[in-house]
Amino acid sequence: MSLTINLTVNGNTQSATAEPSTSLLDFLRDTLNYKGTKLCCNTGECGACTIIYNGKPINSCVTLAADANGAEIVTIEGLADGDKLHPVQQAFIDTGAVQCGYCTPGYIISVKVLLDRTKEPTPEDIEEAVSGNICRCTGYTKIVDAIQLAADRMAGRS
Ligand code: FES
Ligand code: FES
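Just so we're clear, the structure is a prediction, and the values are computed from it rather than from any experiment. (Residues numbered from 1 in each chain as written. Chains lettered and ligands numbered in written order. Predicted model: local features only at pLDDT ≥ 70, side-chain atom pairs only at ≥ 80, totals over all residues. Heavy atoms only, no water.)

## With respect to the pairing of strand S1 (residues 3-9)
Of the pairings in the sheet, the one linking S1 to strand S2 (residues 12-18) comprises seven bridges and is antiparallel in character. In the sheet register, valine 9 faces S2, and the bridge partner there is asparagine 12. Taking the residues that link successive antiparallel strands as the turn, the S1-S2 hairpin has two residues, and the phi of asparagine 10 there is positive, at about 55°. Here S1 runs beside strand S5 (residues 72-74); their pairing, made up of two bridges, is parallel. Bridge pairing in S5 links valine 9 to isoleucine 73. (Pairing = 2+ DSSP bridges. Helix = DSSP H or I, 4+ residues; strand = E, 2+ residues; numbered from the N terminus.)

## Things to note about the nonpolar core
One finds Val88, Phe92, Tyr107, Val111, Leu115, Ile143 and Ile147 to be the most contacted residues of the largest nonpolar core, which totals 24 residues. Looking at this core, the elements with two or more residues in it are helix H2 (87-94), helix H3 (104-117) and helix H5 (141-154). Sequence-distant contacts of valine 88, defined by excluding residues within four places in its chain, comprise Ile108, Val111, Lys112, Leu115, Ala150 and Met154. The next biggest cluster of nonpolar side chains, apart from the first, holds 16 residues, and it includes Ile5, Phe27, Tyr34 and Ile73. (Core = buried A, V, L, I, M, F, W, Y, C linked by side-chain atoms within 4.5 Å. Buried < 20%, exposed > 50% of the residue type's maximum accessible area, 1.4 Å probe, protein only. Contact = heavy atoms within 4.5 Å.)

## Observations concerning the sheet that holds strand S4 (residues 56-59)
Spatially, the five strands line up as an open sheet ordered S2-S1-S5-S3-S4, and their pairing is mixed. Only two strands of the sheet have a single neighbouring strand rather than two, namely S2 and S4. Between one strand and the next, the sheet's axes are offset by a mean angle of 40°, whatever the strand orientation. One ladder, built from four bridges, connects strand S3 (residues 50-53) with S4; its direction is antiparallel. Residue isoleucine 52 lies in a different strand from S4, and its bridge partner there is proline 57. With respect to the sheet, helix H1 (residues 24-31) is in contact with S1, S2, S3, S4 and S5, its orientation differing from that of S2 by roughly 105°. Each of S3, S4 and S5 touches H3; the most contacted strand, S3, lies at about 35° to it. (Axes fitted to C-alpha atoms, helices over the stretch in contact; angles between N-to-C directions.)

Everything listed here is a matter of geometry and, on its own, says nothing about what the molecule does.
Below, the structure written as structure tokens:
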């Protein structure tokens, strides 16, 4: 039996049907066509599928679409302002923190939530914010550089 899911994605009201077992990630990617959020482990381990769900970062692969009825969601597609990338997106590019890019949308979402909360994140804040995200390419140093650069820019320090 299909369920009707009503939710808001990047400020747009959306309504579509999903099976009770459909993950929110599959619903976003395959039904609503928000392909920017990535499917990787599909078990809640890697953070590639991170989205903002009612203000908090979650792994959308282990969340049911049915449970998201009425939710407010932000995906990576919702961060840029027209042609202008979000400062976190721009910082990842400027520091070379993107290689294959598969982990990148999830990282950027986690970092956006962090920097919306604090413009002066401590190393511990950064570590905690991205503790659910895995990158197999960059070795993390450049990702930390990107987070620091984004924080500096968003706080007007750079
Ligand atoms: S794809 Fe969801 S945590 Fe890995
Ligand atoms: S850039 Fe390839 S997994 Fe992070």
